[in-house]
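Residue-level structural notes
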There are 2 protein chains.
Amino acid sequence: MSNDFADRLVAARSPRRETKSLIYRHALRLFARHGYAGTSLREIAEAVGLEVPSLYTHIRSKRELLYDLMEFGNRDLLDRLARSVAAVPDDRPLDRLYLLVRENVISHCRHSDQTTVVFTEIRELSDDQRAKIVALRREIENLFRSALEAAVAEGVARPVNIAVTVFGALAIGRGAATWYRENGPLSPEEIGDLYGEQVVRGVLAPGSDWSSPGA
Amino acid sequence: MSNDFADRLVAARSPRRETKSLIYRHALRLFARHGYAGTSLREIAEAVGLEVPSLYTHIRSKRELLYDLMEFGNRDLLDRLARSVAAVPDDRPLDRLYLLVRENVISHCRHSDQTTVVFTEIRELSDDQRAKIVALRREIENLFRSALEAAVAEGVARPVNIAVTVFGALAIGRGAATWYRENGPLSPEEIGDLYGEQVVRGVLAPGSDWSSPGA
DNA sequence: CCTACCGATCGGTAGG
DNA sequence: CCTACCGATCGGTAGG
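Since this is a predicted model, take the numbers as computed values, not measurements.

Definitions and limits used
- Residues numbered from 1 in each chain as written.
- Chains lettered and ligands numbered in written order.
- Predicted model: local features only at pLDDT ≥ 70, side-chain atom pairs only at ≥ 80, totals over all residues.
- Heavy atoms only, no water.
- Helix = DSSP H or I, 4+ residues; strand = E, 2+ residues; numbered from the N terminus.
- Polar contact = N/O pair within 3.5 Å; in protein donor to acceptor, adjacent residues only side chain to side chain.
- Contact = heavy atoms within 4.5 Å.
- Buried area = accessible area lost by both parts, 1.4 Å probe.
- Salt bridge = Lys/Arg side-chain N within 4 Å of Asp/Glu carboxyl O.
- Buried < 20%, exposed > 50% of the residue type's maximum accessible area, 1.4 Å probe, protein only.
- UniProt positions renumbered as here; feature names shortened; annotations may be inferred.
- Core = buried A, V, L, I, M, F, W, Y, C linked by side-chain atoms within 4.5 Å.
- Domains from an automatic or database assignment.
- Least-squares fit on C-alpha atoms with pLDDT ≥ 70 in both.
- Axes fitted to C-alpha atoms, helices over the stretch in contact; angles between N-to-C directions.
- Left-handed = near helix turned anticlockwise from the far one by under 90°.
- Nonpolar A, V, L, I, M, F, W, Y, C, P; charged D, E, K, R; others polar.
- Expected span 1.5 Å × (residues − 1).
- Parallel < 35°, antiparallel > 145°, perpendicular 65-115°, else oblique.

**Remarks on the environment of Trp210 of chain A**
All names here are of chain A. Tracing the backbone through its elements, the reader meets Trp210 in the segment after helix 10 (188-203). For Trp210 and Leu94, which are 116 residues apart along the polypeptide, the C-alpha to C-alpha distance reads 8.0 Å. A polar contact is formed between the side chain of Trp210 and the side chain of Asp95, at a distance of 2.9 Å.

In structure tokens:
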């Protein structure tokens, strides 16, 4: 009697890793398209091929599901940005800034669902959850901030307002996620190059010379 | 018997202009804060001091309410932008670009609820409604586009990608709406000046000279 | 502008 | 992983 009811129940209750990943993938897509409040657990369950109660084997609640997606999305972006300037020496702050802007644009284009959710749905989180996400955002901002501060300190950038400039640079990438299309005329790398150059030239000190590191 | 039931009914059914304006005002605030899908008509009614069915004296549906807000928001922004460059001659395209970026930033800071709703909730509209809003957006983009094209044609701006640059300039203003605070250290005008200068310098042709028209 | 009410749908639980 | 089901809430209507 190895196939009796209890066995089948245990098997059905054993969460599969692939299922969890499917849930996250579809939830991200649906949240990006219709918003958190505009997406029901029924829609997520249907996309995955499950009934709603089965989702609860893998998630604790709809809100925790959103939080997990937002945390992953921000960590992922932070990692990409940190890696993009890991090899650039500290004494080339404008190159660092250029590459950060570029990578930010590329990441937002390539993972636009991720960044749509990350930036739109922060209001849906609890205070505790939001505080953790904001802390991750601060780390991302600090990468830009330190590059720009160094550039100003070295005199290769004008003495611009650091925070305002960093927010602007980040907003450009977020904006790109809203209009970038995979079959459009420009690749994420090309768009990243264009914006990277514009941001750096926008802060360049009058006498300074600079050309993009890739060129 | 001038105060009988029929009279009171007629009086109660006569929509007041102030009430409609109150509904729009509170709906805008609540949609900006909690999103369209995350805001119930009950919440709007309560904020105004009515019961839900009374809203229907003033609106046709929740979605039409959203559409009206989005159309007004975009027309309002378009008007402000057009007015900001109305007095600037065509042969000063960089000044026009500067003032458009500046006014866009100022408008987004001063009416952040308006622009939050305008940019976040377009997915909630019907196809017909969305087409009309997109047409308004095109008009706004075209103001930036023609200034930038003229600057490139005159050789005072580098031959940048027009669409990409315009989207970036617009995104900066939208971003400002998310972090600007009334009691912060910078006024909308100051932020507008900073971004206006950065965008123009970002596209400035290497040999060209330019300083902001206000300075 | 209100009371009374509708069917539909929501996130989530009990229990196997 | 499912069926059966919960109370709460949704946008909207009837009717005065």
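**Some remarks on the interface of chain B and chain A**
If you look at the interface, chain B gives 33 residues, while chain A gives 33 residues. Summed over both sides, the interface between chain B and chain A buries roughly 2300 Å², with carbon and sulfur atoms accounting for 61% of that surface. The largest share of the area that chain B buries against chain A comes from Arg123, Val164 and Gln198 of chain B, three residues that together contribute 25% of it. Scanning the region where chain B abuts chain A turns up two salt bridges.

**Considerations on the pattern of salt bridges**
Under the defined criterion, the tally for this structure stands at 22 salt bridges over all chains. Between Arg60 of chain A and Glu64 of chain A there is a salt bridge, with its nearest N and O atoms 3.3 Å apart. Note on Arg60 of chain A: relative accessible area 60%, which makes it exposed. Taken together, the shared-partner salt bridges in this structure form one network comprising Arg158 of chain A together with Glu197 and Arg201 of chain B.

**Looking at the UniProt feature "DNA-binding region" (unreviewed entry) in chain A**
The feature "DNA-binding region" (unreviewed entry), as annotated in UniProt, sits at residues 40-59 of chain A in this numbering. Note that residues 40-59 of chain A is 60% helix and 0% strand, and that its end C-alpha atoms are spaced 14 Å apart.

**Observations concerning the nonpolar core**
Residues Leu97 and Phe144 of chain A together with Leu97 and Phe144 of chain B are the most contacted members of the largest nonpolar core, which totals 75 residues. Once you skip the residues sitting within four places of it in the chain, Leu97 of chain B turns out to touch Phe144, Ala147, Leu148, Val199, Val200 and Val203 of chain B.

**Some words on the domain arrangement of chain A**
Accessible area lost upon the coming together of the parts is a frequently used measure of interface size. Residues and elements named next belong to chain A. Segmentation of chain A into domains returns domain 1 (1-59) and domain 2 (67-210). Residue-level contacts link nine residues of domain 1 with eight residues of domain 2. Regarding the contact of domain 1 and domain 2, the summed buried area is about 790 Å², with carbon and sulfur atoms giving 73% of it. Joining domain 1 to domain 2, the criterion identifies zero salt bridges.

**Some thoughts on the UniProt feature "domain: HTH tetR-type" (unreviewed entry) in chain A**
Here, UniProt's "domain: HTH tetR-type" (unreviewed entry) annotation points to residues 17-77 of chain A. For residues 17-77 of chain A, the end-to-end C-alpha separation is 23 Å, with 75% helix and 0% strand making up the annotated structure.

**Considerations on the relation of the copies chain B and chain A**
Its rotation angle being 180 degrees, the transformation that places chain B on chain A also includes 0.0 Å of axial translation and leaves an RMSD of 0.1 Å. The superposition operator between the copies reduces to a two-fold rotation axis. Residue Gly202 of chain B, judged by its C-alpha, is the member of chain B lying nearest the rotation axis, at 1.9 Å. With an isologous cut-off of 70% or more, the 100% of interface residues of chain B that recur at the interface of chain A puts this contact in the isologous class.

**Overview of the packing of helix 5 (residues 62-84) of chain A against helix 6 (residues 93-110) of chain A**
Residues and elements named next belong to chain A. Axis separation between helix 5 and helix 6 bottoms out at 9 Å; the angle between their running directions is 145 degrees. Along this stretch, helix 5 crosses helix 6, giving a crossing that reads as right-handed. Here helix 5 contributes Leu77, Arg80, Leu81 and Ser84 to the contact with helix 6, which in turn contributes Leu99, Leu100, Glu103, Asn104, Ser107 and His108. Residue composition of the contact of helix 5 with helix 6, grouped by class: four nonpolar, four polar and two charged.

**Side note on helix 9 (residues 162-179) of chain B**
Counted at 1.5 Å a residue, the expected span for helix 9 of chain B with its 18 residues is 26 Å, and the 27 Å between its end C-alpha atoms agrees. Counting buried positions along helix 9 of chain B gives 14 out of 18 residues, so the element sits mostly inside the fold.

**Here's the deal with the side chain of Gln198 of chain B**
With respect to the helices and strands, Gln198 of chain B occurs in helix 10 (residues 188-203). Its relative accessible area of 11% is what places Gln198 of chain B among the buried residues.

**A word on the packing of helix 6 of chain A against helix 8 (residues 127-154) of chain A**
Residues and elements named next belong to chain A. At their nearest, the axes of helix 6 and helix 8 sit 8 Å apart, and the two run at 150 degrees to each other. Regarding the angle of helix 6 to helix 8, the classification is roughly antiparallel. Helix 6 and helix 8 meet at a crossing whose hand is left-handed. Between helix 6 and helix 8, the contacting residues are Pro93, Leu94, Arg96, Leu97, Leu100, Val101 and Asn104 on the first element and Leu143, Phe144, Ala147, Leu148, Ala150, Ala151 and Glu154 on the second. Grouping the amino acids of the contact of helix 6 with helix 8 by side-chain chemistry returns eleven nonpolar, one polar and two charged.

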